[in-house]
Amino acid sequence: MATIEDFEKRYDTIIVGSGAGGLATAICLARAGQRVLVLEQHDVPGGWCHSFYLDGHRFTPGVHYVGLLGEGQATNNLYRGLGIANDLVFFRMNPDAYEHVWVGEERFHFPANFDGLIARLSKRFPKEKKRISKYLNLTRKVSEELYSLPYIKGFWQKLTLPYRTRHFGKYGLFTLRRVINWHIKDPLLKNILNIQCGDHGVQPRKAAFVLHCALMYHYFQGGYYPMGGGGALIKAMTNAIKKHGGTLRTGTSVSKILLETNGNLKKAVGVQLKNGQQLFADRIVSNADVGITYNDLIGTEHLSKKLQKKLAKTKYSCTSLMLFLTVTMDVRAAGLDSGNIWMMPNRDADDFYDEMLQADIRKGKAFEGMFISCTTLKDPASFDGKHHTLEAITFIDYTTFEQFKNEKEQRSQAYLELKARLTEKMLCGLEKVLPGVREHIVQQELGTPVTNEYYVNTTRGNVYGTEKSLKHIGPFSYRSKSEIDDLYLCGASILSHGVAGASHSGVETAAIILGCDADSLKAPQEDQHLRIYEAEDATAYPEWMLKKMAVKKARALAKNPDNTVVR
């Protein structure tokens, strides 16, 4: 909570929310010498990236894999530039199959290699060989042009901009469905190539083609998972903030952003906490989603008619059900590895998404579309020799939970009964991948849209900020610098979503505040280096990691002498 010190000094910047975007902003500003205060309503920082524990077993609701972590790649450079790389360890997920695609009875495995992906798809779909190569090379060209935009500077480079970004420009206003239909004929192949639509939560007919290109590009060289889960990433970021003199306060909810009005001009000057205390700063950065920021913390009466109209038309991403399980099961013997599993029926993806997001989710025996991963295989250092942790996710519409939105502290019987029904439905879906898993469950917990609202404070429990359709990205997205003086935004609704996207957004916002180029803030520091190990091969693990794993297993064995070690 706020202290007397807060009232005696004015901050340069107060940041509302401690998601990856807000923390990235805080690092950059504190490093530049600003007095920075980060306020978080939850009792732990991190937003979607935070980790929590159930009986000692760790889960992370919003971090499932990160891409572009190879030497010289964007995310690697970002962490080196923020000065947190030395505090992070990542495991590379199965390079032969970092994504497992289950489309009905069909199976396909994404390799962590662009040329290997083309070769594998071409072998599986020989009649589509030329179209596969043309389409995937198009996605790479569009992505490379998109990533190059910030580096096109100077008169002559800008003069040739239309040529330099000709693929991006040609396809920039088309949906994924439209472009893939121009190139690919086989329905199964389309579903395989579009499976990662789950990473932005919209069906192909809504997903922007350029955004999907950027997503695929992000993972062309595979996926990585942080040792210690998302919480380790957040810990590294909060340590960096403190190192540079910044302050983070958890359990401190902001009720409104304070404005100073001078005629038609409005200026953000501070925040009011839920307990009524007021804190002041030269500027405010909101890492809350745009709906929470403008509708709740600012109030629409303080906004221009244009912004009010935009907010009224804004759609937010879908929400989710997340099933967290601890099991005593040999999941490797059951077919799992460090790769993710995307499961959906062998049907048109748009039709299936429409049904999945229907208003009444009680119907049906099992959820047919799920994302499933085993965090103890993605992070082998977390495995205690017996207990594996599983996370299974499905997207749903918020409508079913509308009636429970005000149940903050006390859950009604109706809510608990619905939760039990949906847990059963999730387990029925999971059993298609792990038959018999019920018999090995030690503990289970279901996160619902109400859970999302309570812990992460997102509009209607959304998981990706604004809906990632053509209407809400690029020039149509919300800006880092708001129409209110000294009020800035960062996060999933501003530049991009996901762990890396939100972090880049935070750096971009800091650059605008500091009046510098974002690249200068994330220029790799020479003394910073990520440590990356193979999740599927322990032979190169350092001694300190092997000791850590041995101690964890010894403690688990001491706690339960009858422990049966599994792989």
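Starting from 1, residues in each chain are numbered consecutively following that chain's sequence as written. It should be noted that, the model being predicted, local features are given only for residues of pLDDT at least 70 and side-chain atom pairs only at 80 or more, the latter also being counted only at that level, while totals for whole chains, interfaces and linings use all residues. Note that water and hydrogens are dropped before the side-chain values are worked out from all heavy atoms of the structure.

A. Broad picture of helix H15 (residues 349–356). Accessibility here uses a 1.4 Å probe with only protein chains present; expressed as a share of the type maximum, an area under 20% marks a residue as buried, one over 50% as exposed, and anything in between as partly exposed. Secondary structure elements follow DSSP: runs of H or I of four or more residues count as helices, runs of E of two or more count as strands, with numbering from the N terminus. All buried positions along H15 are accounted for by Ala349, Asp350, Phe352, Tyr353 and Met356. Looking straight down H15, one finds its buried side chains confined to an arc of 160°; they lie on one side. Where H15 is buried, its residues meet helix H9 (176–183), helix H10 (187–194), strand S14 (340–344) and strand S16 (388–396). Capping the start of H15 is the job of one residue whose side-chain oxygen sits 3.1 Å from the backbone nitrogen of Asp350: Asp348. To be clear, the arc concerns the directions from the helix axis to the C-beta atoms. Contact definition: two residues touch when any of their heavy atoms are within 4.5 Å. Polar contact is the term for a pair of N or O atoms within 3.5 Å; when the atoms are in protein, one must be able to donate a hydrogen and the other to accept it, and sequence-neighboring residues count only if both atoms are side-chain atoms.

B. Representation of the sheet that holds strand S13 (residues 319–327) within the structure. One requirement defines pairing of two strands: DSSP has to find at least two bridges between them. As summarised here, the arrangement of the 7 strands in space is S7-S6-S14-S15-S16-S13-S17, forming an open sheet in which the pairing is mixed. With one partner strand each, in any of the chains shown, strand S7 (106–110) and strand S17 (441–447) form the two edges of the open sheet. Ignoring strand direction, the axes of neighbouring strands in this sheet form an average angle of 15°. Sheet topology places strand S15 (residues 370–374) next to S16; 4 bridges connect them, and they run antiparallel. Each bridged residue has a counterpart across the sheet, and for Phe371 the counterpart in S16 is Ile393. With respect to the sheet, helix H18 (residues 449–456) is in contact with S13, S16 and S17, its orientation differing from that of S13 by roughly 90°. Structural elements are reduced to axes, namely lines fitted to C-alpha atoms, with helices fitted over the stretch in contact, and the angle between N-to-C directions of any two is expressed from 0 to 180 degrees.

C. Molecular detail of the sheet that holds strand S5 (residues 89–92). The strand order S8-S5-S19 describes an open sheet built from 3 strands, whose pairing is mixed. Every other strand in the sheet has two partners, leaving strand S8 (224–226) and strand S19 (531–534) as the edge strands with one partner each. Each adjacent strand pair in this sheet contributes to an overall mean axis angle of 30°, direction not counted. Strand direction decides the pairing type here: S5 and S8, joined by 3 bridges, are antiparallel.

D. Layout of unusual backbone geometry. Although it is not a glycine, Leu68 adopts a positive phi angle of roughly 55°. Checked against the element boundaries, Leu68 lands in the loop between strand S4 (57–59) and helix H3 (74–82).

E. Seen up close, the nonpolar core. Take the buried residues of types Ala, Val, Leu, Ile, Met, Phe, Trp, Tyr and Cys, join any two whose side-chain atoms come within 4.5 Å, and each joined set is a nonpolar core. Core analysis: the largest hydrophobic core is formed by 59 residues, its most contacted members being Phe110, Leu121, Tyr135, Leu136, Ile192, Leu193 and Phe209. A per-element tally of this core places helix H11 (residues 209–219) first, with 7 residues. Non-local contacts of Tyr135, meaning those with residues more than four positions away in its chain, are made with Leu176, Val179, Ile180, His183, Ile184, Leu193 and Phe209. Counting 42 residues, the second-largest nonpolar core is a separate cluster that includes Leu78, Phe90, Leu248 and Ala511.

F. Region of interest: the pattern of salt bridges. Take a side-chain nitrogen of Lys or Arg and a carboxyl oxygen of Asp or Glu: if they are within 4 Å of each other, that pair is a salt bridge. Counted under the stated rule, the structure contains 22 salt bridges. Notably, a salt bridge pairs Asp350 with Arg205, separated by 3.9 Å at the nearest N-O pair. Of this pair, Asp350 sits in helix H15 while Arg205 sits in the loop between H10 and H11; the two residues are 145 residues apart in sequence, bridging distant segments of the chain. Between Arg332 and Glu536 there is a salt bridge, with the nearest N and O atoms lying 3.0 Å from each other. Placement of Arg332 in the loop between S13 and S14 and of Glu536 in the loop between S19 and helix H21 (543–559) is noted, with a sequence separation of 204 residues between them.

G. Fine view of the pairing of strand S1 (residues 11–16). Of all the 6 residues making up S1, 6 are buried; the element is thus mostly covered by neighbouring parts of the structure. Note that S1 and strand S12 (residues 278–286) share 5 bridges and pair parallel. Bridging from a neighbouring strand, Ile14 pairs with Ile284 of S12. Taken together, the 4 bridges between S1 and strand S2 (residues 36–39) define a ladder with parallel strand orientation. Opposite Val16, over in S2, you have Leu39 as the bridge partner. When the strands point away from the viewer, a crossover counts as right-handed if the route from the first strand across the helix to the second turns clockwise. Chirality of the crossover, the property in question, places the unit of S1, helix H2 (residues 20–31) and S2 among those that are right-handed.

H. Quick peek at the packing of aromatic side chains. Two rings from Phe, Tyr or Trp (for Trp, the six-membered ring) form a pair when their centres sit within 6.5 Å of each other. Planes less than 30 degrees apart are called stacked, planes more than 60 degrees apart edge-to-face, and all others tilted. Tallied over the full model, the rule gives 24 aromatic pairs. On the numbers, 6.1 Å between centres and 70° between planes, the contact of Phe395 with Tyr464 is edge-to-face. On the criterion of sequence distance, the pair formed by Phe395 in strand S16 and Tyr464 in the loop between H18 and strand S18 (487–489) is long-range, its members being 69 residues apart. As far as the burial class goes, Phe395 and Tyr464 line up, both buried. One aromatic cluster in this structure is built from Tyr65, Tyr98, Phe108, Phe110, Tyr219, Trp342 and Phe371. In this structure, Lys425 is placed above the aromatic ring of Phe367, and the distance from its NZ or CZ to the ring centre is 4.3 Å. Counted as over-ring charges are cases with an Arg CZ or a Lys NZ within 6 Å of the ring centre that also lie within 35 degrees of the ring normal.

I. Spatial organisation of the packing of H9 against H10. Viewed as axis vectors pointing N to C, H9 and H10 meet at an angle of 135°, and their least axial separation amounts to 11 Å. Considering the angle they form, H9 stands oblique to H10. Considering the relative orientation of H9 and H10, their crossing is right-handed. Packed against H9, whose contacting residues are Leu176, Ile180 and Asn181, the element H10 presents Lys190, Leu193 and Asn194 at the interface. In what follows, roughly perpendicular refers to angles from 65 to 115 degrees, roughly parallel to angles under 35, roughly antiparallel to angles over 145, and oblique to any angle outside these ranges. Helix crossings fall into two classes, left-handed where the near helix is turned counterclockwise from the far one by less than a right angle and right-handed where it is turned clockwise.

J. Structural detail: the environment of Gly506. For Gly506, the position within the fold is in helix H19 (residues 498–514). Overall, the relative accessible area of 0% leaves Gly506 in the buried class. Sequence separation between Gly506 and Asp337 is 169 residues; the distance between their C-alpha atoms is 33 Å. What Gly506 contacts, discounting residues up to four positions off in sequence, is Gly21, Ala24, Thr25 and Cys490.

Scope: geometric values only; no functional claims are made or implied.
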